[in-house]
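Commentary on secondary and tertiary structure
Residues per chain are reported as follows:
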Amino acid sequence: MVFWDQNIIQILSVLTLISNAIIVLYLLDFIYYKINKRFLLNSLWNYAGKKAILFIFIVSFVATMGSLTFSEVLNFNPCVLCWYQRIFMYPIMFLSIAALYIKDKRIIPYILFLSILGFPLATYHYLGQIDNNVSLPCDVIGYSSKCSETFFMQFGYITIPFMALSAFALIIIICLIAKKTEKD
């Protein structure tokens, strides 16, 4: 792997770490909310809810461009499960850019639906990579790689399916925050 390849992987891995920190922060604040009936970071979540479509677009754009960079620039052949994850992620980017353009949040339930379908698929793929006891359905088919193949592992746990898992989880949380903000 050349220097540029490592930089791309490092940048996308750091962005995944940041998304994981946001997810954990929200989940901890949600637990606090369930106990105390208020969010500690309510103003932050309200801001995220108001700008939900923009944040969804940013997350889905980075995920889409990252997956295309892995396959088209770094020549990591996507496996069958990677293709299925792309089927759920790519429309989110196009739906969110259209929603940004027409300034309409009514697309959020559809984005949430796509994310909820993509999340368990990415989770299953990731678990199959890190646990040999989870059988993945695909082997080498045509030009694709094995689903269990790990092209890299950053920080001891971040792989391509984990990046997708994180993106879907963050989009789900943003959609839920947007729905809550809409009610308030």
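What counts, and where the lines are drawn
Residues numbered from 1 in each chain as written. Predicted model: local features only at pLDDT ≥ 70, side-chain atom pairs only at ≥ 80, totals over all residues. Heavy atoms only, no water. Helix = DSSP H or I, 4+ residues; strand = E, 2+ residues; numbered from the N terminus. Rg over C-alpha atoms; globule rule 2.2 N^0.38 Å. Buried < 20%, exposed > 50% of the residue type's maximum accessible area, 1.4 Å probe, protein only. Contact = heavy atoms within 4.5 Å. Areas by Shrake-Rupley, 256 points an atom, 1.4 Å probe, with all protein chains shown as cover. Expected span 1.5 Å × (residues − 1). Bend = angle between axes of the 7 residues up to and from the residue. pLDDT = per-residue confidence, 0-100. Salt bridge = Lys/Arg side-chain N within 4 Å of Asp/Glu carboxyl O. Core = buried A, V, L, I, M, F, W, Y, C linked by side-chain atoms within 4.5 Å. Patch = residues over 30% accessible without salt bridge, like charges linked within 9 Å, V, L, I, M, F, W, Y side chains within 5 Å. Axes fitted to C-alpha atoms, helices over the stretch in contact; angles between N-to-C directions. Parallel < 35°, antiparallel > 145°, perpendicular 65-115°, else oblique. Left-handed = near helix turned anticlockwise from the far one by under 90°. Nonpolar A, V, L, I, M, F, W, Y, C, P; charged D, E, K, R; others polar.

Overview of the overall build of the chain
Regarding its fold elements, the chain presents six helices and zero strands. Going from the N terminus to the C terminus, the chain shows its helices and strands as α-α-α-α-α-α. On C-alpha atoms alone, the chain measures out to a radius of gyration of 17 Å, which is about the 16 Å that the 2.2 N^0.38 rule sets for 184 residues. Referenced to the eigenvectors of the C-alpha coordinate spread, the extents of the chain come out at roughly 50 × 35 × 35 Å. Classification of the 184 residues of the chain by burial places 45% in the buried group. Considering only contacts within the chain whose residues lie at least 6 apart along the sequence, 73% involve residues at least 24 apart. Surface summary for the chain: the accessible area is close to 10,300 Å², and the carbon and sulfur share equals 68%.

As for helix α5 (residues 108-130)
Each α-helix winds once per 3.6 residues, and so residues spaced three or four apart point in a common direction. End to end, α5 covers 32 Å across 23 residues, agreeing with the expected 33 Å (1.5 Å per residue, within 8%). Every buried residue belonging to α5 is among Ile108, Ile111, Leu112, Leu114, Ser115, Gly118, Leu121, Ala122, His125, Tyr126, Gly128 and Gln129, and all of these are buried. Those residues of α5 hidden inside the fold are in contact with α3 (52-73), α4 (80-102) and α6 (160-183).

Observations regarding α4
The terminal C-alpha atoms of α4 lie 34 Å apart, and with 23 residues this matches the ideal 33 Å at 1.5 Å per residue to within 8%. Of all the bends found along α4, the most pronounced is centred on Arg86 and spans about 25°. Taken as a whole, α4 has its buried residues at Leu81, Cys82, Gln85, Arg86, Phe88, Met89, Tyr90, Ile92, Met93, Ser96 and Ala99. Looking at the buried positions of α4, the neighbouring elements they touch are α3, α5 and α6.

Describing the confidence of the model for the chain
When pLDDT is averaged along the chain, the result is 90, and 90% of the positions lie at 70 or above. By mean pLDDT, the top-scoring element of the chain is α3 (95), and the lowest-scoring one is helix α1 (residues 3-36) (93).

Some remarks on unusual backbone geometry
With the exception of glycine, most residues fall at negative phi, and the peptide bonds are largely trans. Look at Asn75: it is not a glycine, yet its phi comes out positive at around 60°. With respect to the secondary-structure elements, Asn75 resides in the loop between α3 and α4. A residue is classified by how much of its surface remains accessible, and Asn75, at 56% relative accessible area, is exposed. One non-glycine residue, Phe155, lies in the positive phi region at around 55°.

Examining the pattern of salt bridges
Enumeration over the complete set of coordinates arrives at one salt bridge. Here Asp104 ties to Arg106 by a salt bridge, and the two come within 2.8 Å at their closest N and O atoms. Residue class for Asp104 comes out buried when judged on its relative accessible area of 19%. Classification of Arg106 as exposed rests on a relative accessible area of 67%.

Quick look at the nonpolar core
With 50 residues, the main nonpolar core has Phe70, Ile92 and Ile171 as its most contacted residues. Mapped onto this core, the elements with two or more residues apiece are α1, α2 (42-50), α3, α4, α5 and α6. A total of 16 residues in this core trace back to one element, the largest contributor, which is α6. The residues touching Ile171, leaving out its near neighbours within four places in the chain, are Ile56, Val59, Ser60, Met89, Ile92, Ile111 and Ser115.

Overview of a nonpolar patch on the surface
Taken together, the side chains of Ile11, Val14, Leu15, Ile18, Ile22 and Phe155 present a nonpolar region at the surface, about 500 Å² in accessible area. Checked against the element boundaries, Leu15 lands in helix α1.

A look at the packing of α5 against α6
Close contact between α5 and α6 brings their axes to 8 Å; oriented N to C, the two are set at 150°. If you check the angle between α5 and α6, you find them roughly antiparallel. Crossing geometry of α5 relative to α6 is assigned as left-handed. Classifying every residue of the contact of α5 with α6 gives 19 nonpolar, five polar and one charged.

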